[in-house]
Amino acid sequence: MTEHGLKGVPDPSRLFLADRRLQVAGSVVVPTLEGNRPLLVELQALVAQSALPSPRRSAQGVDGGRLSMLLAVLEKRAQMPTASLDVYALAVGGVKVSEPAADLGLCLALVSSALGKPLPPDLVACGEVGLGGELRQVAHMPRRLAEAARLGFRRAVIPYSAPEPPEGIVGVRVGTVIDTLERLELVPKVHR
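Residues numbered from 1 in each chain as written. Predicted model: local features only at pLDDT ≥ 70, side-chain atom pairs only at ≥ 80, totals over all residues. Heavy atoms only, no water.

## Things to note about the overall build of the protein chain
To keep things clear, this is the line we draw: Starting at the N terminus, helices and strands are each numbered in turn, a helix being any DSSP run of H or I of at least four residues and a strand any DSSP run of E of at least two. The size measure is the radius of gyration over C-alpha atoms, and the globule rule it meets is 2.2 Å times the number of residues to the 0.38 power. To sort residues, take the accessible area from a 1.4 Å probe on protein chains only and compare it with the maximum for the residue type: under 20% means buried, over 50% means exposed, and anything in between is partly exposed. Should any heavy atoms of two residues lie within 4.5 Å, those residues are considered in contact. Note on areas: Shrake-Rupley with a 1.4 Å probe; residue coverage comes only from the protein chains shown. Only four residue types enter the tally: Lys and Arg on the positive side, Asp and Glu on the negative side, with His and both chain ends excluded. For charged residues, the charge sits on one atom: NZ in Lys, CZ in Arg, CG in Asp, CD in Glu.
The number of helices and strands found in the protein chain is five helices and nine strands. Moving toward the C terminus, one meets the helices and strands of the protein chain in the order α-β-β-β-α-β-α-β-β-β-α-β-β-α. The C-alpha radius of gyration computed for the protein chain amounts to 16 Å, which stays within 12% of the reference 16 Å derived for 192 residues, consistent with globular compactness. Considering only C-alpha atoms, the protein chain reaches an extent of 55 × 40 × 25 Å along its principal axes. For the protein chain, the proportion of its 192 residues judged to be buried stands at 48%. The long-range fraction of contacts in the protein chain, counting pairs at least 24 apart against all pairs at least 6 apart in sequence, stands at 66%. Per element, the accessible surface of the protein chain, about 9800 Å² overall, is 54% carbon and sulfur. In the protein chain, which carries 22 positive and 19 negative side-chain charges, the distance between the mean positions of the two groups comes to 2 Å.

## What to know about the pairing of strand E4 (residues 85–91)
In plain terms, the rule: Strands are treated as partners if at least two bridges between them are detected by DSSP.
Buried residues dominate E4, accounting for five of its seven residues. Where strand E2 (residues 37–49) lies against E4, seven bridges are found, and the strand directions are antiparallel. Residue pairing for E4: Leu46 is matched across the bridge by Tyr88. Pairing between strand E3 (residues 57–60) and E4: four bridges, direction parallel.

## Describing the side chain of Thr180
Relative to the helices and strands, Thr180 resides in helix H5 (residues 177–183). Apart from residues no more than four positions distant in its own chain, Thr180 is found in contact with Leu104, Leu108, Leu135, Val157 and Val174.

## Considering the nonpolar core
How we decide: Buried residues of nine kinds, namely Ala, Val, Leu, Ile, Met, Phe, Trp, Tyr and Cys, make up a nonpolar core once their side-chain atoms join them within 4.5 Å.
Counting residues in each nonpolar core, the largest one holds 43 residues, and the members touching the most others are Leu43, Leu74, Leu108, Leu110, Val129, Val157 and Leu181. Those elements that provide at least two residues to this core are strand E1 (27–34), E2, helix H2 (64–77), E4, helix H3 (103–115), strand E5 (123–125), strand E9 (170–174) and H5. Here this core takes seven residues from H3, the largest share from any one element. Each residue touching Val129, except ones within four places of it in the same chain, is listed here: Arg66, Met69, Leu70, Val73, Asp103, Leu104, Cys107, Glu134, Leu135 and Val177.

## With respect to helix H4 (residues 141–150)
Along H4, the residues that are buried comprise Met141, Arg144, Leu145, Glu147, Ala148 and Ala149. Just beyond H4, the residue with positive phi is Gly152, at close to 100°.

## A few points about the environment of Ala59
Assignment of secondary structure puts Ala59 in strand E3. Sequence separation of Ala59 and Pro165 is 106 residues, and the distance between their C-alpha atoms is 30 Å. Filtering out sequence-adjacent residues up to four positions away, Ala59 remains in contact with Gly64, Leu67 and Ala89.

What follows is the structure in structure tokens.
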């Protein structure tokens with residue numbers, strides 16, 4: 001909004017990522033859809049040991065119920081203890097991200113923060129996480145990834161079942177949350 005009325009934003013994805021700091025643990029970019037338009041959004045998580053008997057859970061711009069569910073999946077399926085941790089999750093820029101496509105990115109931000117290990121700056125993550133820790137594809141994956149490639153991202157963590165990514169971006173295909181953490185070397189590989 002300007003003094004002359006509403007003015008269109010020609011490139012909202014670039015606007016939302018303009019102040020992004022690289023090599024910070026707990027930060028990941030997720031290609032979302034706002035209506036039919038792809039929009040890249042930075043998700044951030046801050047995880048810290050709690051001094052409270054009932055740890056804090058704060059979700060701004062992300063669904064609090066999904067955050068709780070993803071913490072339970074990480075605890076049960078990836079052996080990441082979350083019960084004694086304060087957890088803060090944020091979609092940067094005041095955006096509201098309610099679609100399941102952000103699940104995988106939110107999981108990665110949580111683990112990255114808990115371990116103090118930044119994710120690669122050229123990486124996006126997109127996929128729904130099920131209660132078994134399995135990853136599921138989401139609608140319009142090629143459109144989402146084309147937007148990521150346009151803005152310079154070169155790798156995308158996606159479910160095995162996702163369609164082939166467009167030119168300019170390489171798909172890192174994974175089947176479960178634990179597979180993802182191992183492939184990105186956030187946790188050591190375990191022979192199963």
